[in-house]
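What follows is each chain in one-letter form.
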Amino acid sequence: MRMYDIIKTKRDGGKLTSEEIRWFIKGYTEGAIPDYQAAALLMAIFYEGMDDQETAELTLAIRDSGDTLQLGLDGIRVDKHSTGGVGDKTSLVVAPVVASCGINVAKISGRGLGHTGGTVDKLEAIEGYRTDLSTEEFVEVVRKVGVSIIGQSQDFAPADKKLYALRDVTATVDSMPLIVSSIMGKKLAANDDCIVLDVKCGSGSFMKTEADAFKLAQLMVSVGTRAGKKVRALITNMDRPLGRAVGNSLEVCEAIETLKGGGPGDFKELCLQLASNMLELAGKGSLEECRAMAEDAIKSGRALDTLAKMVELQGGDPRWIYEPERFPKAKYSLEVKAPEKGYIFKVDTEKYGEVSLILGAGRSTKEDKIDNTAGFVLERKTGDLVFKGDVIATLYTTEKKEALERAARLMLSATALWKEQPEKMPLVLGSVE
Ligand code: URA
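Residues numbered from 1 in each chain as written. Predicted model: local features only at pLDDT ≥ 70, side-chain atom pairs only at ≥ 80, totals over all residues. Heavy atoms only, no water.

Caption draft 1: Focus on the sheet that holds strand 9 (residues 375-378). Read across the sheet, four strands follow the order 6-9-11-7 without closing on themselves; strand pairing throughout is antiparallel. Since the sheet does not close on itself, it has two edges, and those belong to strand 6 (245-246) and strand 7 (332-337), each with one partner. The pairing of strand 9 with strand 11 (residues 391-397) spans four bridges and is classified as antiparallel. Bridging from a neighbouring strand, valine 377 pairs with threonine 394 of strand 11. (Pairing = 2+ DSSP bridges. Helix = DSSP H or I, 4+ residues; strand = E, 2+ residues; numbered from the N terminus.)

Here it is in structure tokens:
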């Protein structure tokens, strides 16, 4: 088999066989196929797509590229995974909430991808926090606190680890088969019993339309269910950033605030809905009962304590969780002000994600280092009335002072003001089971 022929078949709109897909995944994982050929194939898949059979085959090949996680833990394991958004720090709240309700969460998360943030990058904003635990250490943390969040190791879905990093810098992220196989390949290798998928829909997500988001949800649920897992997808609104904070330290602080009982309403609501669905799938009771449990985990402070314990066991200082003012602050900031009076009618959330990237919160090349202090906090969101000169957001950076003005211009160009208030959009658009 030749990589050249596989690229050509897909470039010309053909269908790849199961053998070709498995040969590519094996060769790329082992380093026999170079990045430039893998990138060419990704771009061909981006343009030509894959049918359901090819997508399922790619998913299983990614799952089988490494070990399947056998943790030997007692009880049911449940996980959630988002398809990627802006300001989406739900895992930092949902995982400790569910764990403190007695269900194990052994979570393998990703880094930032394209304009979206990643849980691993966010957690690494906590000084000393290790996302590279061995399987034994991972199990030990879950045994002690019911939850551990780590990054992908070399022996676990290694094909996705390499492809994910390559897609991030080759503009090949927002492709349905690549998203399905990336997420479900990892989730199936992680071997959880139940999976709740948070499929984002709207200007800040990879799926811009409801039809595409539902199709993505259906594909993922069907691949997962056929592999023997209990899978449910919620389709949620990403036409605006989730919560107010975007950027690694800023988002961890917002998650902590939420675990302390505060936090932005939309963010808290989504966390509660995701946590209740995870608990219900895990058999803890009806959706209403599970929601009450999740609310109590926050109200009682148990979920916050769980996060602090997890951070401590993974090398971080738990005082950062109780006293988030310990997170280093950005050296430079700039307020973005409304140029005129009007309702914030619509925002281009992907561009908002780019604002945080150019301030230093994400990567443009695989080797880029992240500025954990970088990002922004929104003072006003879609639907709010602003007057000329009102602050819409404050931008933060330590490493990219020169980017502040450009970032402010980009944010304003992505913010549409209008004389009428926009219609309120639901947070959860539907579910697929
Ligand atoms: N999250 C993933 O893990 N993979 C994707 O492709 C998109 C979001």
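Caption draft 2: Expanded view of the site of the ligand. As a structural note, the neighbourhood of the ligand is formed by His81, Ser82, Thr83, Leu113, Tyr164, Arg167, Ile179, Ser182, Ile183 and Lys186. Structurally, the ligand is housed in the largest cavity. Those elements giving two or more residues to the shell around the ligand turn out to be strand 1 (78-82), helix 8 (158-169) and helix 9 (176-190). Among the elements that line the shell around the ligand, the one with the most residues is helix 9, at four residues. Across the shell around the ligand, the residue classes break down as four nonpolar, four polar and two charged. (Near = heavy atom within 4 Å. 1 Å grid on protein atoms, 1.4 Å probe; cavity = no way out; pocket = protein on both sides within 12 Å on 5 of 7 lines; lining within 4 Å. Sits in = over half its atoms within 2 Å of the grid points. Nonpolar A, V, L, I, M, F, W, Y, C, P; charged D, E, K, R; others polar.)

Caption draft 3: Expanded view of empty space enclosed by the protein. All told, the structure shown has five cavities of 30 Å³ or more when counted by the stated rule. Within this model, the largest cavity holds a volume of roughly 300 Å³. What lines the largest cavity is a set of 26 residues, among which His81, Ser82, Gly84, Gly117 and Tyr164 lie closest to the centre. Of all the secondary structure elements, the ones that give two or more residues to the lining of the largest cavity are strand 1, helix 5 (90-99), helix 8 and helix 9. Looking at the lining of the largest cavity residue by residue, the class counts come to six nonpolar, 14 polar and six charged. One number sums up the size of the second largest cavity: a volume of about 160 Å³. Listing elements by their share of the lining of the second largest cavity, those giving two or more residues are helix 6 (119-123), helix 11 (248-259) and helix 16 (349-361). (Points joined across faces, edges and corners; volume = space filled by probe spheres on them.)

Caption draft 4: Inspection of the nonpolar core at higher detail. Phe24, Val97, Val98, Ile126, Met310, Leu395 and Met411 are the most contacted members of the largest nonpolar core, which has 111 residues in total. At nine residues, helix 12 (residues 265-281) tops the list of elements feeding residues into this core. Every residue in contact with phenylalanine 24, bar those within four places of it in the chain, is listed here: Met3, Ile33, Ala38, Leu41 and Leu163. Counting 28 residues, the second-largest nonpolar core is a separate cluster that includes Tyr164, Val173, Ile195 and Leu429. (Core = buried A, V, L, I, M, F, W, Y, C linked by side-chain atoms within 4.5 Å. Buried < 20%, exposed > 50% of the residue type's maximum accessible area, 1.4 Å probe, protein only. Contact = heavy atoms within 4.5 Å.)

Caption draft 5: Seen up close, the sheet that holds strand 1. Strand order in the open sheet formed by four strands is 1-4-5-13, and the pairing between neighbours is mixed. Each having just a single partner strand, strand 1 and strand 13 (428-432) make up the two edges of the open sheet. Mean inter-strand twist for the sheet, computed between neighbouring axes without regard to direction, equals 20 degrees. In this sheet, strand 4 (residues 194-201) lies alongside strand 1 in parallel orientation, the contact comprising five bridges. (Axes fitted to C-alpha atoms, helices over the stretch in contact; angles between N-to-C directions.)

Caption draft 6: The side chain of threonine 415, seen in detail. Here threonine 415 lies in strand 12 (residues 415-418). At 2.7 Å, the side chain of threonine 415 forms a polar contact with the side chain of tyrosine 352. Sequence-distant contacts of threonine 415, defined by excluding residues within four places in its chain, comprise Ile344, Lys346, Val347, Tyr352 and Ile392. (Polar contact = N/O pair within 3.5 Å; in protein donor to acceptor, adjacent residues only side chain to side chain.)

Caption draft 7: Fine view of the domain arrangement of the protein chain. Domains assigned within the protein chain are domain 1 (3-49), domain 2 (78-324) and domain 3 (329-418). Each of domain 1 and domain 2 has a C-alpha centre, and the two are 29 Å apart. Counting residues at the interface gives 13 residues for domain 1 and 13 residues for domain 2. Overall, the association of domain 1 and domain 2 removes approximately 1,100 Å² of surface from exposure, summing both partners, and the carbon and sulfur fraction of that is 81%. Contact with domain 2 buries surface across domain 1, with Tyr28, Leu42 and Phe46 losing the most and accounting together for 51% of the total. Our count for the domain 1 to domain 2 interface comes out at one residue pair in polar contact (both at pLDDT 80 or more). At the level of elements, helix 2 (18-30) and helix 3 (35-48) are the ones that each hand at least two residues to the side of domain 1 that touches domain 2. Looking at the side of domain 1 that touches domain 2 element by element, the count peaks at seven residues for helix 3. Broken down by class, the residue content of the side of domain 1 that touches domain 2 amounts to nine nonpolar, three polar and one charged. (Domains from an automatic or database assignment. Buried area = accessible area lost by both parts, 1.4 Å probe.)

Caption draft 8: Inspection of the pattern of salt bridges at higher detail. Overall, the coordinates contain 35 salt bridges when judged by the stated rule. Among the ionic pairs, arginine 63 bridges to aspartate 64, the shortest N-O distance being 2.8 Å. You can call aspartate 64 partly exposed: its relative accessible area is 36%. One continuous salt-bridge network, built from bridges that share partners, spans Arg22, Glu57, Arg63 and Asp64. (Salt bridge = Lys/Arg side-chain N within 4 Å of Asp/Glu carboxyl O.)

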